[in-house]
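As a plain string of letters, each chain reads:
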Amino acid sequence: MDFFNVTGRTPLNGQIEVFAAKNAILPMIAASILCKNDSVVLHNIPDILDVRVMIKVVERLGAEIIFDNDNNKLSINASNLKSVEAPYELVSKMRASFMVLGPLLAKYGEAKVSQPGGCAIGARPIDQHIRGFAKLGAVVTDEHGYIVARSRGKLIGGDIYFDRPSHTGTENIIMSAVLAKGETKIINAAQDPEIVDFANMLNLMGAKVSGTGTSTVTIEGVESLHGVDYTPIGDRLEAGTYLFGVMSTGGTIKVNGIKPEFLKVPILKISEMGGDFKMGKDWIRLKAPKSTKSVNIVTDPYPGFPTDLQPMVMASLCTAEGVGVIWERVFENRFIHVMEFNRLGANIRISGDRATIIGNQKLEGTTIMCSDIRAGAGLLIAAMVSNGNSKLKRVYHIDRGYQRLDERFNSLGAKIQRLSE
Ligand code: EPU
């Protein structure tokens, strides 16, 4: 198993280009199932474990895949599947693979997909997805840990209300509705930029999806979809990871391939912390201040502060001037990394869904462990500002969402060695 040996206290400087957004790519791979007879070709695709799992899921269903990882190009022909069943051993590895249910149901009138099971950051139920499929006329049952959905003939469009906005729920319902009879509306939909990009791709494939990026999404059913050649948007979470990295270590970096508007709230918060920005259409330059000020953070669905950047801002707050409070409002259990931060010498106290971070701490390297993708990225940043050496274990979590984050940070001046034990 790989681990990182991190030598701390080196500033970050230089330029970096982000890959395409993981959370746009995953639904796009699922959407290839909707094609009548040709391929979806995607560019700038990082070679990360979550992409590999999604590829395996559609491959298991019968898709033909070519992943040219030297050129980060992925071609999927999923137009003629031989199975509509996604097994536990794959779905349990990554919850997002539950998103094959929508397109399978839309195209084949049936799907059997394992329930994703538990997750480190929260219970993460899938009730909103299931209510949505049922609203479109599917009969949905739970059979021995599998969700089985069937429709007699085509699904029929209808109005769906989400009790709370769900990112993958919105995408799953969009995919189930694109081939339905008539119009579907999702009210209280998630508004993330990846959903807008995903809908842009679907529309190029012949779908009629409008209103993404707002709380009401409208899908007008069409007869069929065709293939597409597409480059997804840059990854705002990868970009945000570099921004909080430099806010923690000091230095100046330029992140290319990312629209600043996707990071509006994190950029406002970093400005409050003393960061100095210059921005263009698709780049962000950030100069870290000599001394960073603490801020309070409330995580919320987009356009709020992303829960996926919560561990990274926490890393910056550990050494900032003052006290910062993080109120985690998206996931009920997303503070597991706090114990690991405290092992480095951070002073963080948790009370329910709030973490109080007493700043000005001198972090000292030690052995710490990743529990999920973003916790891992936050801990890596904390190790990068710690004195001496840290051993960061279970970095496969980081590899799920970032292509070689160690090498990418090293290209900016970090000292991270990947070793095996
Ligand atoms: N929820 C329900 N019922 C549902 C669906 C969601 O109660 O049927 C709850 C969840 O438990 C959670 C909240 O609603 O408390 C929001 O969850 P959401 O469904 O939006 O999360 P997701 O779609 O499963 C995506 C990202 C996550 C990101 C969240 C929140 C993908 C593939 N995953 O998950 O990304 O944290 O939205 O923004 O898009 C990551 O990239 O590391 C990651 C975890």
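The preceding data block contains the structure.
What counts and what doesn't
Residues numbered from 1 in each chain as written. Predicted model: local features only at pLDDT ≥ 70, side-chain atom pairs only at ≥ 80, totals over all residues. Heavy atoms only, no water. Helix = DSSP H or I, 4+ residues; strand = E, 2+ residues; numbered from the N terminus. Rg over C-alpha atoms; globule rule 2.2 N^0.38 Å. Contact = heavy atoms within 4.5 Å. Areas by Shrake-Rupley, 256 points an atom, 1.4 Å probe, with all protein chains shown as cover. Lys, Arg positive; Asp, Glu negative; His and termini not counted. Charge placed at Lys NZ, Arg CZ, Asp CG, Glu CD. Pairing = 2+ DSSP bridges. Buried < 20%, exposed > 50% of the residue type's maximum accessible area, 1.4 Å probe, protein only. Polar contact = N/O pair within 3.5 Å; in protein donor to acceptor, adjacent residues only side chain to side chain. Near = heavy atom within 4 Å. Nonpolar A, V, L, I, M, F, W, Y, C, P; charged D, E, K, R; others polar. 1 Å grid on protein atoms, 1.4 Å probe; cavity = no way out; pocket = protein on both sides within 12 Å on 5 of 7 lines; lining within 4 Å. Points joined across faces, edges and corners; volume = space filled by probe spheres on them. Salt bridge = Lys/Arg side-chain N within 4 Å of Asp/Glu carboxyl O. Axes fitted to C-alpha atoms, helices over the stretch in contact; angles between N-to-C directions. Expected span 1.5 Å × (residues − 1).

Attention shifts here to the overall build of the chain. Within the chain one finds 14 helices and 24 strands. Expected size for 421 residues packed as a compact globule is a radius of gyration near 22 Å; at 21 Å, the chain falls within 12% of this value. Projecting the C-alpha coordinates of the chain onto the three principal axes gives extents of approximately 65 × 45 × 40 Å. In the chain, of all internal contacts separated by at least 6 residues, the share reaching a separation of at least 24 is 73%. As displayed, the chain offers around 16300 Å² of accessible surface, 48% of which is attributable to carbon and sulfur atoms. Computed over 48 positive and 44 negative side-chain charges, the separation of the two mean positions in the chain equals 3 Å.

With that settled, the discussion passes to the pairing of strand S7 (residues 110–114). Bridge count between strand S6 (residues 85–86) and S7: two bridges; the pairing is parallel. Following the sheet pairing, Glu-85 is matched in S7 by Lys-112.

With respect to the secondary-structure elements, Thr-241 resides in helix H8 (residues 236–249). The class of Thr-241 is buried, set by a relative accessible area of 0%. There is a polar contact of 2.8 Å between the side chain of Thr-241 and the side chain of Tyr-402. Contacts of Thr-241, omitting those with residues within four sequence positions, involve Leu-309, Met-312, Ala-377, Ile-381, Tyr-402, Leu-405 and Phe-409.

Taken together, 22 residues sit near the ligand, with Asp-127, Ser-166, Thr-168, Asp-308 and Val-330 positioned nearest. One of the side-chain N or O atoms of Arg-124 is found 2.9 Å from an oxygen atom in the ligand. When the ligand sits alone it has 820 Å² of accessible area, and the protein chains cover 89% of it. Looking at the shell around the ligand, the elements with two or more residues in it are helix H1 (22–31), helix H5 (127–135), helix H6 (167–177) and helix H12 (373–384). Residue composition of the shell around the ligand, grouped by class: eight nonpolar, seven polar and seven charged.

What follows covers the layout of surface pockets. Estimated volume of the second largest pocket: approximately 420 Å³. Lining the second largest pocket are 23 residues, and of these Arg-9, Ser-248, Lys-290, Thr-319 and Val-385 lie nearest its centre. For the lining of the second largest pocket, the element with the highest residue contribution is H8, accounting for three residues. Looking at the lining of the second largest pocket residue by residue, the classes come out as eight nonpolar, 11 polar and four charged.

This paragraph deals with the pattern of salt bridges. With the rule as written, the count across this model stands at 21 salt bridges. For the salt bridge of Glu-183 with Lys-185, the shortest nitrogen-to-oxygen distance reads 3.8 Å. We classify Lys-185 as partly exposed; its relative accessible area is 26%. For Glu-194, the salt bridge is made with Arg-236, and the minimal N-O distance between the two is 2.7 Å. Taken together, the positions of Glu-194 in helix H7 (residues 193–204) and Arg-236 in helix H8 put the pair 42 residues apart, joining distant regions of the chain. An identical accessibility class is assigned to Glu-194 and Arg-236; each is buried. Overlapping salt bridges bring together Asp-2, Asp-399, Asp-406 and Arg-418 as one network.

What follows deals with empty space enclosed by the protein. Going through the model one piece at a time under the given rule, you end up with one cavity of 30 Å³ or more. In this structure, the largest cavity encloses a volume near 50 Å³. Together, Phe-19, Ala-20, Lys-22, Pro-46, Ile-48, Asp-235, Glu-238, Gly-401, Tyr-402 and Gln-403 line the largest cavity. Here the residues of the lining of the largest cavity are counted per class, giving five nonpolar, two polar and three charged.

Before going further, it helps to spend a moment on the sheet that holds strand S10 (residues 159–161). A sheet is described by the order of its strands in space; here four strands give the open sequence S10-S11-S13-S12, paired in mixed fashion. Only two strands of the sheet have a single neighbouring strand rather than two, namely S10 and strand S12 (208–210). For this sheet, the mean inter-axis angle between neighbouring strands, taken without regard to orientation, is 15°. Alignment of strand S11 (residues 183–187) against strand S13 (residues 216–220), held across five bridges, turns out to be antiparallel. Bridge pairing in S13 links Lys-185 to Thr-218. Sheet strands in contact with H6 are S10, S11, S12 and S13, and its direction is about 170° off that of S11.

This paragraph deals with H7. Residues three or four positions apart in an α-helix share a direction because the helix packs 3.6 residues into each turn. With 12 residues, H7 ought to run about 16 Å at 1.5 Å a step, and its terminal C-alpha atoms sit 17 Å apart, in line with that. Phi turns positive, to about 110°, at Gly-206, one or two residues after H7.

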